[in-house]
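Spelled out from the first residue to the last, the chains are:
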Amino acid sequence: MSEDADCAEIRDLIPEIAAGVAAGDERARALAHFGACHECRHELAMTADLVDEMLTLVPVQEPPAGFEGRVIARLAPEAKPRSRRVRLPRRRPARPVGRAAAWVAATAAAAGLAAGVVWWQTAQDRALAASYRHTLEVAHGRGLSAAPLKSGLGAEQGTVFAYQGEPSWLYVTFRSMPQPGHYDTCLVTKDGRRFPLRAFEAGQNAYAWGSTINVQVQEIGTIEFTRSGVTVMTARF
Amino acid sequence: MHGVWALSDESLLAGMASRDADAATAFVRRYQARVFGLALTIVGSRSVAEDVAQEAFVRAWRHAESYDPRKGRVPAWLLTITRNLAIDTLRMRGELPTDPFLLMGSLVSQEGGTDSSMDYDDRENLRRALLTLPPEQARAIALSVFYGLTGKEIAAIEEIPLGTAKTRIRRGLGKLREVLGVRDE
Ligand SMILES: [Zn+2]
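These numbers come from a predicted model, not from an experiment.

Caption draft 1: Focus on the overall build of chain B. Regarding its fold elements, chain B presents 9 helices and 0 strands. Listed N to C, the secondary structure of chain B is α-α-α-α-α-α-α-α-α in terms of helices and strands. The 185 residues of chain B split such that 62% are buried. Considering only contacts in chain B between residues 6 or more positions apart, those separated by 24 or more positions represent 63%. Per element, the accessible surface of chain B, about 7,500 Å² overall, is 53% carbon and sulfur.

Shown next as structure tokens:
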């Protein structure tokens, strides 16, 4: 029955739709179906409810001092003028900093935290990140490394992240789409051992590739992407 | 009662929609720890989390008018805005999620919020169910719900077929839904 087949296909999409991560075309297809199918609509509502509840389980955390005032300062220009005396709480004004300064502040503050995994966009950021990572490693016994993934001509095609954890993994994001096709991948350690990793099938929407790894991140020398026997992209750690 | 501080969420949003700064202040004060907590959980840095949390309140202020109570309660609406901003920030900065295990661990701690639509038993049941999920299902759910990764991306990270990634999420969510029992739409 085609209706059941439709339902099965839509049920498969519901978790991604409820989590807000479904692709536009899938979402559109599902919405058309929800309009006609009560059962699937109910299924979506229940799953969306669950996702909402999971968000509310996250522990509360007091924001940094002055947060409320900084938010209100951003809203104030759009607030309606008052006839009565203004009772906005007296707070420090918004930070008079540009994006670059905010970056530096973010870096300094983050260094003291059990923060996650951070990738730094510029050389300056990366220099800051070095000390940041050091702090993380000392404090938490694990770290993140990132290295640019470059083509044979030296063009930066993406970034390889190496995450030391349980399990450790590599994750590559591509800045420009690689040529579609089959790529063999290999991790080469600093002392020259080679570990083939799972192949990468580059397609139209291939913007990421990942693999778990069985070596320590600090042992990684290079990550190589090979096409038809030719190494076409390399990341050097 | 005492002015805006005792108003319902919906009334505060109505106040914000009419550009009332007192309503906005009360709203921020009521939700800042929740919004900042979620932002921090996702982005992992206090400074970046503050940027995300500020932006979430600015968006709530600007879109207060379009809040539709039939589509969910205010905390869920605001936290969804926060989550989406935090995910966008991670992606824009090319950052990877913090360890999904750590995140799931924080959910089962007892410090979560209290003003959801669930009663206490439901919350405890949901926490217990999270604890008993197979780790691979819990990870897949965390990567999807909190980090906004698609099934494809999860499959790539976890080095599993797409079908397996989707199955982990669907089975995991199914188990969590069971403990919430039957609730009407
Ligand atoms: Zn259906």
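Caption draft 2: Local environment of the coordination of the zinc ion. Residue and element names in this part refer to chain A. Looking at the zinc ion, the protein donor atoms are Cys-7 (SG), His-33 (NE2), Cys-37 (SG) and Cys-40 (SG), and they sit 2.1 to 2.3 Å from it. Counting the intervening residues between successive donors of the zinc ion yields the motif C-x25-H-x3-C-x2-C. Judged by relative accessible area, which is 0%, Cys-40 ranks as buried.

Caption draft 3: Summary view of the pattern of salt bridges. Tallied over the full model, the rule gives 18 salt bridges over all chains. Asp-12 of chain A is the partner of Lys-166 of chain B in a salt bridge, and the nearest nitrogen-oxygen pair spans 3.5 Å. Taken as a pair, Lys-166 of chain B in helix 9 (residues 162-180) and Asp-12 of chain A in helix 1 (residues 2-18) lie in two separate chains rather than in one. Classification of Lys-166 of chain B by relative accessible area gives buried; the value is 14%. Looking at Asp-12 of chain A, the relative accessible area reads 28%, which means it is partly exposed. Glu-124 of chain B is the partner of Arg-127 of chain B in a salt bridge, and the nearest nitrogen-oxygen pair spans 3.1 Å. Of this pair, Arg-127 of chain B and Glu-124 of chain B both sit in helix 6 (residues 120-132), 3 residues apart, which is roughly one turn of that helix. Per residue, the accessibility class of Arg-127 of chain B equals that of Glu-124 of chain B, and both read buried.

Caption draft 4: The confidence of the model for chain A, seen in detail. All names here are of chain A. Residues at a pLDDT of 70 or more form 64% of chain A, whose mean pLDDT is 70. Between the elements of chain A, mean pLDDT differs from a low of 32, seen in helix 5 (residues 99-110), to a high of 93, seen in strand 7 (residues 220-227). Note that residues 83-143 has pLDDT below 50 and, in this model, 90 contacts with residues that lie over four places away or in other chains.

Caption draft 5: Spotlight on the environment of Thr-234 of chain A. Residues and elements named next belong to chain A. As for its placement among the helices and strands, Thr-234 is situated in strand 8 (residues 230-236). Between the alpha carbons of Thr-234 and Lys-150 there is a distance of 5.3 Å; along the sequence they are 84 residues apart. If we skip the residues at most four places from it in the chain, Thr-234 touches Pro-148, Leu-149, Lys-150, Thr-222, Ile-223 and Glu-224.

Caption draft 6: Representation of the nonpolar core. Judged by nonpolar contacts, the single largest core of 86 residues is most densely connected at Phe-27 and Phe-146 of chain B. Ranked by the residues each element gives to this core, the list is headed by helix 2 (residues 21-43) of chain B, at 14 residues. Once residues within four sequence positions are removed from consideration, Phe-27 of chain B is found in contact with Leu-12, Leu-13, Met-16, Phe-57, Ala-60, Val-74 and Leu-78 of chain B. Val-160, Phe-200, Ile-223 and Phe-225 of chain A belong to the second-largest nonpolar core, a separate cluster that totals 19 residues.

Caption draft 7: Main features of the environment of Arg-19 of chain B. Secondary-structure assignment places Arg-19 of chain B in the loop between helix 1 (9-17) and helix 2. The partly exposed category is assigned to Arg-19 of chain B, whose relative accessible area is 21%. For the pair Arg-19 of chain B and Ala-64 of chain B, spaced 45 residues apart in sequence, the C-alpha to C-alpha distance is 9.3 Å. In contact with Arg-19 of chain B, other than residues within four places in its own chain, are Glu-78, Ala-79 and Lys-80 of chain A together with Trp-61 and Arg-62 of chain B.

Rules used throughout
- Residue positions are given per chain, counting from 1 as you read along its sequence in written order.
- To read the labels, note that chains go from A and ligands from 1, taken in the order they are written.
- Local features in this predicted model are restricted to residues whose pLDDT is 70 or higher, and side-chain atom pairs enter the listing and the counts only when it is 80 or higher, whereas totals over whole chains, interfaces and linings include all residues.
- Calculation of side-chain values draws on the structure's entire complement of heavy atoms; hydrogens and water are dropped beforehand.
- What counts as a helix is a DSSP run of H or I of at least four residues, what counts as a strand is a run of E of at least two, and both are numbered from the N terminus.
- When accessible area is computed with a 1.4 Å probe and restricted to protein chains, residues below 20% of their type maximum are described as buried, those above 50% as exposed, and intermediate ones as partly exposed.
- Contacts were defined at the residue level, with two residues in contact if any of their heavy atoms lie within 4.5 Å.
- To be clear on the numbers: accessible area is Shrake-Rupley with a 1.4 Å probe, and residue cover counts the displayed protein chains and nothing else.
- Each metal's donors comprise the N, O and S atoms found within 2.8 Å of it (within 3.2 Å for Na, K or Ca). Water is not part of the atom list, so some coordination spheres may appear incomplete.
- The working definition used for a salt bridge is a side-chain nitrogen of Lys or Arg within 4 Å of a carboxyl oxygen of Asp or Glu.
- The pLDDT value expresses, per residue, how confident the predictor is, ranging between 0 and 100.
- Here the nonpolar core consists of buried residues drawn from Ala, Val, Leu, Ile, Met, Phe, Trp, Tyr and Cys, with membership extended through side-chain atoms lying within 4.5 Å.

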